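Structure assessment
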Amino acid sequence: MASGICLKVLVDKKKNKVVFAECDHDFVDVLFSFLTMPIGTIMRVASIKSLTVGIGCMSNLYKSIENIDVQHFRNQACRTMLLSPRNGAESHWKKLKLKIDDAEASMFFVCSSSECTTSKFKLLSYYSYVPCDCGASMYHGIYLSETSSVNGGVFVKATDRFIVSDDLQVMLLCTATSFSLLSKCGVKDGSTIEERTFTLGVNEVLSLLICSLVSSTPLTETLLKQKPVPELNNVGLYNQGRSAKSQVEKQMMGEDQSMHIKLKLFVSKSRKMVCYAEAKKDFVNLLVSLLTVPLGHIVKQVYDSSLKGCLDHLYKSLQDLDEQCFRSNDHKEILVAPRVAPGFSYENDLLGIQEAPHQWYYYQDRYGHKNLDANKTLCPYLGIGPIPLRIVHSKSHDKEEKSCGGFLLGPNLFTVTDNLIIKPISPILGLSILNELKVPFGDIEERTVHVGKEEALSLLLSSFVSESALTNAFIKDPTQRQW
């Protein structure tokens, strides 16, 4: 089990507030790794820790995936992919000193049929019971060989030390920076400050992540336990700011109109709200795929708006930090533009997020143990030497079918409530929703909207910050939306 991370913290005793923390690469790597985490992972881990954290409608969306019958998914693995999404930067994530998500393990699955065992080319799956090309199920567990990171760092170099402000601005350690932060906090002399040492474990790191979504002082709240963490949907993640439209203008240039998704809304005319929507599987596939999106992709879209939390500070300090602090330019790019995990992309790509490339792994039975490694030079040659493995797409094993298809197959229509509860369509369900909202039938207006890139991004942000995602994304004027 990994030991904790030690932080040397300067505290303003009078205000009971963290001024800044002095740390090495271990803590900064963990902070930056927040940006690579899929939303579904945050929801799952918070649930395991029994944390009541409302992230807009994401909790409803996550629970809907749990409740939808597995027969509506392409296969059993598809539901698991949404409930336990892989990290697009998993090969780096697994090297962190502290990992929030203990499910980001090194286990993969291979086929153990005699036909595949004797083959010189093997298939590898992230999830169990995915069908192999030979027709058998891939359920035999196998582990990835661990490799230590260069110079001890994961994203940043181990040779540097850093200062992290209470609002998660990450800067290189220097005297001028510490004086600047002291002045900013109103500290005039050393009589009101003291140095304290804290050891952070997994629970503290998770608390820090949740606080960073809602608070401008997450270090104070996590380390000094100053006040309870509010729910995101009670405070709103974003202040009123500019429309997200400006973020997708470049993407919209030359946009293929055939990619647009039709959505039927049932709107209360008097209350100007969406009661529910009737959606085909293309919209629902887009909706559930939001759980696979890394947190940094959301922050990237609106980071220069006014955020309630301080992830914008973390993201901007990442951008501003000298490239010499990172192990390479590629390591910085992984954080600046985080990607979804391999095999998780959706063919109707309206969110403008790329898929991380597949790694090649090599297989060999060493001393009776089965190991994998991304670099075959680390696997000694025994007999015929390492056997290459190819990652199969968990959503579909059909070679003729696009691997980037959706997660769900049907039914033909679903009912989606304003707060993103998804169920197979039922007229009785629609009536029940109207009755619960106390909306008379005569007040209902049917509208059809077209979901393109702008609307998809608006939906992503609305799902993350609002309890009325459909209303916020499709009915409200852009200048009045909640971000």
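Residues numbered from 1 in each chain as written. Predicted model: local features only at pLDDT ≥ 70, side-chain atom pairs only at ≥ 80, totals over all residues. Heavy atoms only, no water.

As annotated in an unreviewed UniProt entry, the chain is DUF674 family protein from Trema orientale.

Quick reminder: α-helices carry 3.6 residues per turn. Residues three or four places apart thus point the same way. The set of residues buried in helix α7 (residues 175–184) consists of T177, S178, L181 and L182. Taken around the axis of α7, the buried residues stretch over an arc of 135°, which confines them to a single face. Structural note: α7 exposes T175, A176, F179, S183 and K184 on the side pointing more than 90 degrees away from its buried face. Once α7 ends, the next one or two residues include G186, with phi positive near 80°. (Buried < 20%, exposed > 50% of the residue type's maximum accessible area, 1.4 Å probe, protein only. Helix = DSSP H or I, 4+ residues; strand = E, 2+ residues; numbered from the N terminus. Arc of directions from axis to C-beta.)

On to the sheet that holds strand β7 (residues 162–165), then. The pairing of strands in a sheet happens through backbone hydrogen bonds and is either parallel or antiparallel. A sheet is described by the order of its strands in space; here 5 strands give the open sequence β8-β7-β2-β1-β9, paired in antiparallel fashion. At either margin of the open sheet sits one strand with a lone partner, and together these are β8 (170–172) and β9 (193–200). The sheet shows a mean angle of 30° between the axes of neighbouring strands, direction not considered. Here β7 runs beside β8; their pairing, made up of 3 bridges, is antiparallel. When the sheet's bridge partners are listed, I163 is paired in β8 with M171. Along the sheet, α7 makes contact with β1 (5–12), β2 (17–23), β7, β8 and β9, crossing β2 at roughly 170°. (Pairing = 2+ DSSP bridges. Axes fitted to C-alpha atoms, helices over the stretch in contact; angles between N-to-C directions. Contact = heavy atoms within 4.5 Å.)

Let us now look at the pattern of salt bridges. Two side chains that carry opposite charge are able to pair once their charged atoms sit near each other. Tallying each qualifying case throughout the model produces 8 salt bridges. D26 is paired through a salt bridge with K97; the nearest N and O atoms lie 3.8 Å apart. Placement of the pair is D26 in helix α1 (residues 25–33) and K97 in the loop between α5 (90–93) and β3 (107–111), with a sequence separation of 71 residues. A residue is classified by how much of its surface remains accessible, and D26, at 16% relative accessible area, is buried. Classification of K97 by relative accessible area gives partly exposed; the value is 29%. Note that R86 is salt-bridged to E90, the shortest N-O span being 2.6 Å. For R86, a relative accessible area of 9% translates into the label buried. By relative accessible area, E90 is classed as buried at 10%. (Salt bridge = Lys/Arg side-chain N within 4 Å of Asp/Glu carboxyl O.)

The next thing to look at is the pairing of strand β11 (residues 273–280). For β11, the tally of buried residues reaches 6 of 8 residues, placing the bulk of the element in the interior. By the bridge criterion, 5 bridges tie strand β10 (residues 261–268) to β11 in an arrangement that is antiparallel. Each residue of the ladder has a partner; that of L265, found in β11, is A277. The turn linking β10 back onto β11 is made up of 4 residues, and K272 within it adopts a positive phi angle of 50°. As judged from the 5 bridges shared by β11 and strand β15 (residues 413–417), these two strands associate in the antiparallel manner. Residue pairing across strands places K280 opposite L413, the latter belonging to β15.

Taken over all residues, the pLDDT of the chain has a mean of 81, while the share at 70 or more is 77%. In this model residues 375–384 is a low-confidence stretch, pLDDT under 50, and it forms 17 contacts with partners more than four residues away in sequence or in other chains. Counted against residues more than four places away or in other chains, residues 399–403, with its pLDDT under 50, gives 7 contacts. (pLDDT = per-residue confidence, 0-100.)

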